[in-house]
Amino acid sequence: MEQNNELPKTTEEPAVKSEETLQTAEAETNAVLPPPAAPEDPKPEAAETGTKEQEVKEAASAVPSAQSEAPAEISKSSEVDQAVKTEETKAATGEVPGGQGHKESEEDVEFKKVVSHMPDEVKPRFVALKYITDKRKELADKLEEEIRELERQFDLDCVPLDKKREELINGKRDPMAEELEKAGEFDMQHPEAEVPADIDIEELKKSKGVPGFWKTALRNSEALIKFITDEDAKVLDHLTDIRKENLEGKNYRLVFKFAPNEFFTNEELVKTIIVPEGETFCQETQGTEIEWKEGKNVTKKTIKKKQKNKKTKATREVTKTVDIDSFFNYFKSRKAPPKDQDEMEDMDEDDEAMKEINAFEDDTHITEEIEDEIIPNAIYYYFGIMEDSSDESSQESGDDGSDSDHKGSQGKSKKKKSTDESEPSSKKECKQQ
């Protein structure tokens, strides 16, 4: 009976515990056990779900290594999908490799038109091939940019050398010892050689420097002589220097420095070559406006014509000024011709527009010859010992019509490059399209 009396005490004792005792017990329990992940749903399945999600994430992170060992079709599918998305983005923005804002070429537009007609199961192959082509184009653009930077550095390194040349030519100083280290190599005379007739030895003896240096160099270029008239030569006697200066982007300019003369007041004449961002070729040139002195403009001539009055039959003499061929027309500002070939074909040879196109092409040839040949090789052109850079002879054929000479570049005489081996040969950026 005593046991029965004690049992109620054991079961009822917690009920009479104070509220403070209960809070203390609950705090001790919370200290031992972590709080449930989801208090509103404290089921044990929540912990299991979190564990499974972690396992899924770990499995997903291991997929790339598994794909590398999987068949090619698995990775190829994702690459093609990515390529398709890339091309769709380009189609929407009108951009192509080479920088933001570059518009699609005509080839890109035509390519998309054609591929759009391909079956769906075949189309991804060509989209992927286009993706690869675009990547190659990006590499090519990067290469061109690196070459351009090297050329810029080359031009900067040449500045002090060109300054020394200008001083020697214009008699501002005498040759320095380091410049005469190889003087002994020029003591032996060669009977088969002679000084060109257009070099005035007596004038050289009584003058400092090399009078008429640049005029002689320019006139000894077969590519340039056709643009230089006898009147031009009189002006070029005062030409003291030609140099190239790089500007922002692909732009640059050729600077022609003149001594004071009776023809114009300009100290320098400048031809600026403009290649807009995203373009490969010159789209515009800007030239100095020449301030000709009265009656000294070699780009124009005055002609007198007799006019007869139809009514009175009386005649009168009319004076008219007309444009004439001259090297100094090179300094006029010009625009590149239209890219639409059909538009050009519709032009008559005598149209002013066609004449302007021909003039732009002539300017391009002059620019390239001076930049690539005359400036780096001026001394060789002065003596007339530089091969013509514009002369490309055709293949020689035998009596049976077959080629008799297969040497070189398919029988063509190659352009003789600068004897300065350090002169870079890069793609030209100011050529007619």
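1. Side note on the overall build of the protein chain
Move 1: Counting secondary structure elements, the protein chain contains 13 helices and 7 strands.
Move 2: Counting every position in the protein chain, which comprises 433 residues, the buried fraction comes to 24%.
Move 3: Carbon and sulfur atoms make up 51% of the accessible area of the protein chain, which amounts to about 30900 Å² in all.

2. Description of the pattern of salt bridges
Pairing is possible between side chains of opposite charge, provided their charged atoms come close.
Move 1: As enumerated under the stated definition, the model contains 28 salt bridges in all.
Move 2: Between K215 and D237 there is a salt bridge; the shortest N-O distance is 2.9 Å. Placement of K215 in helix α9 (residues 213-219) and of D237 in the loop between α10 (230-236) and β1 (239-246) is noted, with a sequence separation of 22 residues between them.
Move 3: Look at D237 and you get partly exposed, because its relative accessible area is 40%.
Move 4: Through salt bridges with shared partners, a single ionic network connects R243, E245, R253 and E268.

3. Here we look at the confidence of the model for the protein chain
Move 1: Residues of the protein chain with pLDDT of at least 70 account for 63%, and the chain-wide mean is 76.
Move 2: Low confidence marks residues 62-74, where pLDDT is under 50. Its contacts with residues over four positions away, or in another chain, come to 1 contact.
Move 3: Considering only residues more than four positions removed or in separate chains, one finds that residues 392-429, a stretch of pLDDT under 50, has 50 contacts.

4. Details of a nonpolar patch on the surface
Move 1: Among the surface-exposed residues, F126, L129 and I132 lie close enough to one another that they form a single nonpolar patch of about 260 Å² accessible area.
Move 2: Residue position: F126 is located in helix α7 (residues 123-169).

5. So, the sheet that holds strand β4 (residues 284-287)
Move 1: Strands sit in the order β1-β2-β3-β4-β7 across an open sheet of 5 strands; the sheet is antiparallel. Both outer strands of the open sheet, β1 and β7 (334-335), are each paired with one neighbouring strand and no more.
Move 2: Where β4 lies against β7, 2 bridges are found, and the strand directions are antiparallel. Bridge assignment links E284 to a residue of β7, and that residue is K335.

6. Let's talk about the nonpolar core
For soluble globular proteins, nonpolar side chains are generally found buried alongside one another.
Move 1: With 38 residues, the main nonpolar core has L218, F256, F327, F328 and I370 as its most contacted residues.
Move 2: When contributions to this core are tallied by element, the ones reaching two or more residues are α9, α10, β1, β2 (252-258), β3 (268-274), α12 (352-374) and α13 (378-382).
Move 3: Ignoring sequence-local partners within four residues, the contact set of F327 consists of F227, I228, D232, L236, F256, I366 and I370.

7. Here we look at the pairing of β2
Every regular strand shows the same layout, with side chains that alternate between the two sheet faces.
Move 1: Within β2, 5 of the 7 residues are buried, which leaves the element mostly enclosed by the surrounding structure.
Move 2: In this sheet, β2 lies alongside β1 in antiparallel orientation, the contact comprising 7 bridges. Opposite N246, over in β2, you have Y252 as the bridge partner.
Move 3: Linking β1 back to β2 in an antiparallel pair, the connection comprises 5 residues, with G249 at a positive phi of about 65°.
Move 4: Pairing of β2 with β3, which is carried by 6 bridges, proceeds in the antiparallel orientation.

8. Here we look at the side chain of T216
Move 1: With respect to the helices, strands and loops of the structure, T216 is situated in helix α9.
Move 2: Apart from the residues within four sequence positions on either side, T216 is in contact with D198, Y381 and Y382.

9. Digging into the side chain of T272
Move 1: Mapped onto the secondary structure, T272 falls in strand β3.
Move 2: Judged by its relative accessible area of 15%, T272 falls in the buried class.
Move 3: Once residues within four sequence positions are removed from consideration, T272 is found in contact with L247, Y252, R253, E284, T285 and Q286.

10. As for the pairing of strand β6 (residues 315-323)
Move 1: Little of β6 sits inside the fold, with 0 of its 9 residues counted as buried.
Move 2: In this structure, the hairpin formed by strand β5 (residues 300-308) and β6 is closed by a connection of 6 residues, where K313 is found at a positive phi of approximately 65°.

11. Points about the packing of aromatic side chains
Move 1: Inspection of every chain in the model, using the stated rule, returns 16 aromatic pairs.
Move 2: The interplanar angle of 45° and the centroid separation of 6.3 Å between the aromatic rings of F258 and F328 together place this pair among those described as tilted. Taken together, the residues F258 in strand β2 and F328 in the loop between β6 and β7 connect sequence positions 70 residues apart.
Move 3: Given the relative accessible area of 5%, F258 is considered buried.
Move 4: Between the NZ or CZ atom of K244 and the centre of the ring of Y252, over which it lies, the distance is 4.8 Å.
Move 5: Of note, K271 hangs over the ring of Y330, and the distance from its end group to the ring centre comes to 4.9 Å.

12. Some words on the environment of T302
Move 1: Mapped onto the elements, T302 comes out in strand β5.
Move 2: Its relative accessible area of 53% is what places T302 among the exposed residues.
Move 3: Placed 20 residues apart in sequence, T302 and V322 show a C-alpha to C-alpha distance of 6.4 Å.

13. Concerning the packing of helix α6 (residues 106-115) against α7
Move 1: The geometry of α6 relative to α7 is characterised by a closest axis approach of 10 Å and an angle of 165° between their N-to-C directions. Comparing their axes, α7 and α6 come out roughly antiparallel. For the pair α6 and α7, the crossing hand works out as left-handed. Across from D108, F111 and V115 in α6, the residues of α7 making contact are K123, F126 and K130.

14. Points about the environment of N297
Move 1: One can find N297 in the loop between β4 and β5.
Move 2: Counting along the chain gives 34 residues from N297 to F263, while the straight-line C-alpha distance between them is 7.0 Å.
Move 3: Within the structure, N297 has its side chain in polar contact with the side chain of W292 (distance 3.3 Å).
Move 4: Among the polar contacts listed, one links the side chain of N297 to the side chain of T299, at a separation of 2.5 Å.

How each quantity is defined
Residues numbered from 1 in each chain as written. Predicted model: local features only at pLDDT ≥ 70, side-chain atom pairs only at ≥ 80, totals over all residues. Heavy atoms only, no water. Helix = DSSP H or I, 4+ residues; strand = E, 2+ residues; numbered from the N terminus. Buried < 20%, exposed > 50% of the residue type's maximum accessible area, 1.4 Å probe, protein only. Areas by Shrake-Rupley, 256 points an atom, 1.4 Å probe, with all protein chains shown as cover. Salt bridge = Lys/Arg side-chain N within 4 Å of Asp/Glu carboxyl O. pLDDT = per-residue confidence, 0-100. Contact = heavy atoms within 4.5 Å. Patch = residues over 30% accessible without salt bridge, like charges linked within 9 Å, V, L, I, M, F, W, Y side chains within 5 Å. Pairing = 2+ DSSP bridges. Core = buried A, V, L, I, M, F, W, Y, C linked by side-chain atoms within 4.5 Å. Phe/Tyr/Trp six-rings, centres within 6.5 Å; stacked < 30°, edge-to-face > 60°. Lys NZ or Arg CZ within 6 Å of the ring centre and 35° of its normal. Axes fitted to C-alpha atoms, helices over the stretch in contact; angles between N-to-C directions. Parallel < 35°, antiparallel > 145°, perpendicular 65-115°, else oblique. Left-handed = near helix turned anticlockwise from the far one by under 90°. Polar contact = N/O pair within 3.5 Å; in protein donor to acceptor, adjacent residues only side chain to side chain.

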